[in-house]
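Summary of structural features
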Amino acid sequence: MLFDPIQIGTMTLRNRMMRSATAEVLADEQGTPFPQLSSMYAALAKGGVGLIVTGHMYVQASGKAHPGMTGIHDDACIEALATLADAVHAEGGKIAVQINHGGRQVREGLVADPIAPTAVDAKPPKPAAKEASIDEIEDLIDAYAQAARRGKRAGFDAVQIHAAHGYLVNQFLSPLANRRNDEWGGSFDHRLRFLERIAYAIRVEVGEEYPVLIKLGARDEADDGLCLDDGAEIIRRLPEMGIDAVEISGGIADSGAFNIGAGVEAGVNEATFRPWATRLRDAASLPVMLVGGMRSQAVMEDVLESGDADVISLCRPLICEPDLPLRLQKGIQDAAACVSKNRCWARKGDVGISCKCPGVVRVAA
Ligand SMILES: Cc1cc2nc3c(=O)[nH]c(=O)nc-3n(C[C@H](O)[C@H](O)[C@H](O)COP(=O)(O)O)c2cc1C
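Small disclaimer: the values here were computed from a predicted structure and weren't measured.

Our focus in this paragraph is the packing of aromatic side chains. In total, this model carries three aromatic pairs according to the counting rule given. Plain terms: the ring middles of Tyr144 and Phe194 are 6.1 Å apart, the flat faces sit at 85° to each other, and that makes the pair edge-to-face. With Tyr144 in helix α3 (residues 134–154) and Phe194 in helix α5 (residues 188–206), the pair connects residues that are 50 residues apart, well separated along the chain. For the pair formed by Tyr144 and Phe194, the shared burial category is buried. For the ring pair Phe172 and Phe194, a centre distance of 4.0 Å and an interplane angle of 25° mean the geometry is stacked. In this pair, Phe172 sits in helix α4 (residues 168–173) while Phe194 sits in helix α5, placing the two residues 22 residues apart along the sequence. Grouping residues by exposure puts Phe172 and Phe194 together as buried. Through successive ring pairs, a cluster of aromatic residues spans Tyr144, Phe172 and Phe194.

Right under this line is the structure:
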């Protein structure tokens, strides 16, 4: 099934492998991408992956999470972003843009006045961000909608809302980060409102036909955090919000349970969130993408054939081998070379991310 096409809303993917959003750290201080980012996406498209999701892009200057993050916060960004979509289309690929706001989870000192649902500390410890006023919440919703409009204008095939990993939408959803007692916090319905309003506002901007995806932190993995039943209820409601597909992830910084597990080994401990997907599947009447620790073709096929997910989403394996889909399809290898030692991030002096793990063996094509 891995190499069968699939329909996501109005978009047809050539196969069921996607590159999950991966912050490339390839933009200048204004958030303008360096030419290397186009080359990275072109290599991924050439390597056969069905859908590329860009690294997260900030929808408002206050949401820039780390240096080198790409910006989609202003119409002036559109021209440079269009070069990214063009590079992928020239290789016959498809690309979605991931839109995000860091909220309280922004690198210290990077943003003048970090903003969050509530002024509670983030972990690892950061000074508490300021509680967003109602006007600021309305501005944030509009910032997501305008970012989606810019993504469509720039030629991306879809937009993905980042609602995982402790960033702003996840902060509103999570009772750990959202302690408000107005219409934006407290009950489940109130905590969901920010996401609902963003989804509706995006639809108004991009129209009925444009694919809108979400990456959802389906569970915080922390006491008193978002639990899997909450995750299921959010997924049940996504179609009403006009969302076309959900990528399942989880973990919030407060839980210390991060979404990027180290030490994944092919055939040993793959598919980190699969047990969740099995439980969430019943609630999902839209295509499900599963990310986290998929390494061997056998496990990817099994996930698809069991119905636990419709699309396999990969991050670290495609940093290591952008042409992994073609390698699997041609039978050059049956698993990713990635050893999940988490040395992908840019180190001081590096331009962008790259695979730096020791012990990686790449099979010659
Ligand atoms: C270098 C790096 C950057 C990442 N950047 C993002 C991002 O921008 N947005 C996002 O949703 N997830 C991001 N992630 C998480 C991945 O998309 C993915 O959920 C996680 O790595 C688990 O998948 P894997 O086991 O295939 O690597 C990043 C992960 C890594 C290693």
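Picking up where we left off.
Neighbouring the ligand are 21 residues, the closest being Ser20, Ala21, Ala23, Gly293 and Arg316. Between Gln98 and the ligand, the recorded distance is 2.8 Å, taken from a side-chain N or O atom to a nitrogen atom. Summarising the interface, the protein chains cover 97% of the accessible area of the ligand, which totals 620 Å² for the free molecule. Classifying every residue of the shell around the ligand gives eight nonpolar, 10 polar and three charged.

In contact at an axis separation of 8 Å, helix α2 (residues 78–90) and α3 are set at 55° when each is read in the N-to-C sense. If you check the angle between α2 and α3, you find them oblique. Relative to α3, α2 is oriented so that their crossing is right-handed. Counting all contacts with α2, which are made through Ile78, Leu81, Ala82 and Ala85, the residues of α3 involved are Arg150, Arg153 and Ala154. Tallied by class, residues from the contact of α2 with α3 come to five nonpolar, no polar and two charged.

Further remarks concern the pairing of strand β10 (residues 158–163). Most of β10 is tucked away: six of the six residues are buried. The side-chain alternation of β10 yields two buried faces, one formed by Ala158, Gln160 and His162 and the other by Val159, Ile161 and Ala163. Where strand β7 (residues 95–100) and β10 come together, four bridges link them in parallel fashion. Looking at the pairing, Ala96 lines up with Ala158 of β10. Sheet analysis places β10 next to strand β11 (residues 212–217), joined by five bridges and oriented parallel. When the sheet's bridge partners are listed, His162 is paired in β11 with Lys215.

Taking 1.5 Å of rise per residue, the 21 residues of α3 would be expected to cover 30 Å, and the 30 Å separating its terminal C-alpha atoms lies within 8% of that figure. Gly155 sits one or two residues past α3 and shows a positive phi near 100°.

Side chains carrying opposite charge are able to pair once their charged atoms draw close together. Tallying each qualifying case throughout the model produces 21 salt bridges. Two residues, Asp229 and Arg279, come together in a salt bridge whose shortest N-O distance is 3.4 Å. With a gap of 50 residues between them, Asp229 in helix α6 (residues 228–237) and Arg279 in helix α7 (residues 274–280) connect regions that are remote in the sequence. In this structure, Asp229 and Arg279 share a single accessibility class: exposed. A network of salt bridges, in which partner residues are shared, links Asp75, Arg149, Arg150 and Glu205.

The rules behind these values
Residues numbered from 1 in each chain as written. Predicted model: local features only at pLDDT ≥ 70, side-chain atom pairs only at ≥ 80, totals over all residues. Heavy atoms only, no water. Phe/Tyr/Trp six-rings, centres within 6.5 Å; stacked < 30°, edge-to-face > 60°. Helix = DSSP H or I, 4+ residues; strand = E, 2+ residues; numbered from the N terminus. Buried < 20%, exposed > 50% of the residue type's maximum accessible area, 1.4 Å probe, protein only. Near = heavy atom within 4 Å. Polar contact = N/O pair within 3.5 Å; in protein donor to acceptor, adjacent residues only side chain to side chain. Areas by Shrake-Rupley, 256 points an atom, 1.4 Å probe, with all protein chains shown as cover. Nonpolar A, V, L, I, M, F, W, Y, C, P; charged D, E, K, R; others polar. Axes fitted to C-alpha atoms, helices over the stretch in contact; angles between N-to-C directions. Parallel < 35°, antiparallel > 145°, perpendicular 65-115°, else oblique. Left-handed = near helix turned anticlockwise from the far one by under 90°. Contact = heavy atoms within 4.5 Å. Pairing = 2+ DSSP bridges. Expected span 1.5 Å × (residues − 1). Salt bridge = Lys/Arg side-chain N within 4 Å of Asp/Glu carboxyl O.

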